[in-house]
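Chain residues, written in single-letter form:
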Amino acid sequence: YCVQLRVHENFLRAEVVCCTAEKFYEALARAFASLTLEHGNSAELVAVADFDNSSRCHRRIVFDCEREMRRAFLIKLVEYGAPVNETVEDQRVIIQDAIDRGVDAIVLAPVSSDELNDTLAAADNAGIPIITIDSSVTYSGVKSIISSQNRSAGSIAGRKANELLGGSGKIAIIGHVEGAQTTIEREGGFRSAIDAVEGGDYTIIPTLYCDNEADKAKEQTLMLIEQNPDIDLIYGTNESASLGICR
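Q: If you had to explain the overall build of the chain to someone new, which residues and values would you point to?
A: When you go through the chain residue by residue, the secondary structure sums to eight helices and eleven strands. Looking at the chain as a whole, 51% of its 247 residues are labelled buried. Looking at the chain alone, contacts between residues at least 24 apart form 68% of all its contacts between residues at least 6 apart. With the model as given, the accessible surface of the chain reaches about 11700 Å², and the carbon-plus-sulfur share is 50%.

Q: Break down the side chain of Q220 for me, citing the residues and quoting the values.
A: Note that Q220 resides in helix α7 (residues 214-227). Using a relative accessible area of 10% as the deciding quantity, one classes Q220 as buried. Residues within four places of Q220 in sequence aside, it is in contact with I174, L208, Y209 and C210.

Q: For the side chain of E185, give the residues involved together with the corresponding values.
A: Positionally, E185 belongs in helix α6 (residues 181-195). Taking the relative accessible area as the measure of exposure, E185 reaches 19% and is therefore buried. Leave out the neighbours within four places in its chain, and E185 touches S136, N150 and R151.

Q: I'd love a proper account of the nonpolar core, names of residues and values included.
A: Ranked by size, the top nonpolar core spans 18 residues in total, and within it I106, L120 and Y139 carry the most contacts. Of all elements in the fold, only α3 (88-101), β5 (105-108) and α4 (117-125) reach the threshold of two or more residues within this core. For this core, the element with the most residues is α3, which contributes four residues.

Q: Quick rundown of the pattern of salt bridges? Include the residues and the values.
A: Within this structure, the stated rule accounts for eight salt bridges. Where R92 meets D118, a salt bridge forms, and the shortest distance between an N and an O atom there is 3.7 Å. Separated by 26 residues along the polypeptide, R92 in helix α3 and D118 in helix α4 bring together distant segments of the chain. Overall, R92 belongs to the partly exposed group, its relative accessible area being 22%. Here R247 and D215 are joined by a salt bridge, their closest N and O atoms 3.6 Å apart. A residue pair is termed long-range when its members are at least 10 positions apart, and R247 in the segment after α8 (239-246) and D215 in helix α7 qualify at 32 residues. Judged by its relative accessible area of 52%, D215 is exposed.

Q: I'd like a description of α4, backed by residues and values.
A: For α4, the full list of buried residues reads N117, T119, L120, A121 and A123. The elements touched by buried residues of α4 are α3, β5 and β6 (130-133). Remark: G127 follows α4 within two positions and exhibits a positive phi of approximately 80 degrees.

Calculation notes
- Residues numbered from 1 in each chain as written.
- Predicted model: local features only at pLDDT ≥ 70, side-chain atom pairs only at ≥ 80, totals over all residues.
- Heavy atoms only, no water.
- Helix = DSSP H or I, 4+ residues; strand = E, 2+ residues; numbered from the N terminus.
- Buried < 20%, exposed > 50% of the residue type's maximum accessible area, 1.4 Å probe, protein only.
- Contact = heavy atoms within 4.5 Å.
- Areas by Shrake-Rupley, 256 points an atom, 1.4 Å probe, with all protein chains shown as cover.
- Core = buried A, V, L, I, M, F, W, Y, C linked by side-chain atoms within 4.5 Å.
- Salt bridge = Lys/Arg side-chain N within 4 Å of Asp/Glu carboxyl O.

Nothing here speaks to function; it is geometry throughout.
Okay, here's the thing in structure tokens:
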């Protein structure tokens, strides 16, 4: 595994290059601890993440981090976010409630890269550190970002697509959430890799978004195949999209 820790202006960014799950959770827990250790065993965090059945990654990250924080840093995670697919407004409500309760830190898996900025600013102004998981936001007050290299992941998928198709073909993309930074970066990396193919002759039809729902991705896949019988490959930007495509 290799976890790169780099300081970007006023926050720490941990980019997981190639990492075991345990080390990812450990890196995240340590980021929590670095911001809240002064509270000792009274530190309380609120996790705002989408924990439906299609987001097992976020669920395990937070659950395992709580175990690591309790073991090593005596930090208590006191609340999880909504148990189903969250909207921007859902996350605003949870974050504002955390502000009102005066929690010590907030860990956020944002559903939008910019629509939560006003609420995040309110948390920052209240002295509550904000940590994001995997997706980033454009708000500059975030204290730490723990993320995989989403653009690189998209590039890997694009190179694999070219390997499978041999330089030409018709491609569709089903993204998980429109406007989410992970979607933007993974799609961007994929498109860049396809565009970089020397002598490539690819057509990429307009991207569809499944709202992180596998069933919707399945319906979109069936529609794509019906409307584009000559389609050669479909790229799904996360687990939900990919499962729906395969079904």
